[in-house]
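Here is what each chain is made of, one letter per residue.
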Amino acid sequence: MRRLFPVTDETAAPGASSGTSGDGRGGPGSGEGGDGGGREWSLAELAAAYAYPAAAAATATGAGPGAGGRDRQPWLRANMVSSLDGAAQHEGRSQPLSCPADMRIFGTLRALADVVLVGAETVRQEGYRPARARAEFAAAREAAGQGPAAAVAVVSASLDLDFSLPLFTSPLVPTLVLTGSAAPPDRVAAAEAAGARVVTAGEGTGVDPERAVRALAERGHTRLLTEGGPRLLGQLVAAGMLDELCLTVAPMLTAGDAQRIAGGPSVTLPRRFTLKSMLEEDGFLFTRYARA
């Protein structure tokens, strides 16, 4: 993996553009191997590259969920993948567009987050499972006042979910279900019976994105990650709640009529984001944009 942006002396060094000149010893910014070119970055290096802003991170005093969360500002990032021609999925799933480096970043982003926000349709389509504890991140999470793994928060108006799945019955951290005040009472009871924690985050049957983020922050979850799907991401974008987009651009063409990474109604004016970093491996681009 190599860093393409921000440009540094190492990024622009002779041989850095090939991504094959590294001798396996140089880290990002070390000057050896063109800013990490030609070798696999460690999980610690990836974690440093994708660290949350300090305002969203825990402090040494009152760090854990429910403790110092009220003093921190929520930061919502999305992690998505897209083909060159804009497809977010192939045959209904994102996995065919992924690669080993993308999955390492996927795991790193989960390990940095307090909670993973996901839409009900994505849970059904992708066969979502609970986030797992990673030994490589255990010490860092403990130092940051985080639990052993990120909680998963499922956004669902109808609660048409299979509550017998491990996501609900055997997560390391209880799964949250965000729904509206008019959600079917029998489905709310089924969710709670399975061990999920139901959170009201909207009036009627819908979920209000701003209220959902606020409800999570009130529970100490300020480092937020959403993995979609496109409908949920579109709602978050339209509500102006997205702070950061981590987008993997796969060097693939799919054609067809697959969804884009964000769907739903368009915004009145396009929202401007600023490129913060870009990494590359095997033709895949790993970009990171933040709210301008």
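Residues numbered from 1 in each chain as written. Predicted model: local features only at pLDDT ≥ 70, side-chain atom pairs only at ≥ 80, totals over all residues. Heavy atoms only, no water.

### Section: the side chain of S82
Here is the rule: Helix and strand definitions follow DSSP, with helices as H or I runs of at least four residues and strands as E runs of at least two, each counted in order from the N terminus. Burial classification: accessible surface area is computed with a 1.4 Å probe over protein chains only, and a residue below 20% of its type maximum counts as buried, one above 50% as exposed, and the rest as partly exposed. Only heavy atoms enter the contact rule, under which two residues are in contact if any of them lie within 4.5 Å.
Following the sequence through the fold, S82 ends up in strand β2 (residues 75-83). According to the relative accessible area criterion, S82 is buried, its value standing at 9%. Setting aside anything within four residues of it in sequence, one finds S82 in contact with A87, L97, L247, T248, V249, A250 and I261.

### A word on the pairing of strand β9 (residues 273-281)
Remark: a regular strand shows side chains that alternate across the two faces of the sheet. Heads up, the rule is: When DSSP finds two or more bridges between a pair of strands, those strands are recorded as paired.
Judged from the three bridges that link them, strand β1 (residues 2-5) and β9 form a sheet pairing that is antiparallel. Its bridge partner being in β9, R3 is matched across the sheet by L279. In terms of strand pairing, β9 meets strand β10 (residues 284-291) through eight bridges, oriented antiparallel. Looking across to β10, one finds that L279 is bridged to F286. What sits between the antiparallel neighbours β9 and β10 is a turn of two residues, in which D282 has the positive phi angle 55°.

### Structural notes on the packing of aromatic side chains
Formally: Ring pairs shown here join Phe, Tyr and Trp side chains whose ring centres sit within 6.5 Å, with only the six-membered ring taken for Trp; geometry is labelled stacked below 30 degrees between planes, edge-to-face above 60, and tilted in between. In this scheme, Lys NZ or Arg CZ marks a charge over a ring once it lies within 6 Å of the ring centre and within 35 degrees of the ring normal.
Taken as a whole and assessed by the stated rule, the structure comprises one aromatic pair. Taking 4.9 Å as the distance between ring centres and 75° as the angle between the ring planes, the aromatic pair formed by F163 and F168 counts as edge-to-face. Relative accessible area serves as the criterion here: at 9%, F163 is assigned to the buried category. Taking relative accessible area as the criterion, F168 reaches 2% and is therefore assigned buried. We note R77 situated over the ring of Y52; from NZ or CZ to the ring centre the distance is 4.1 Å.

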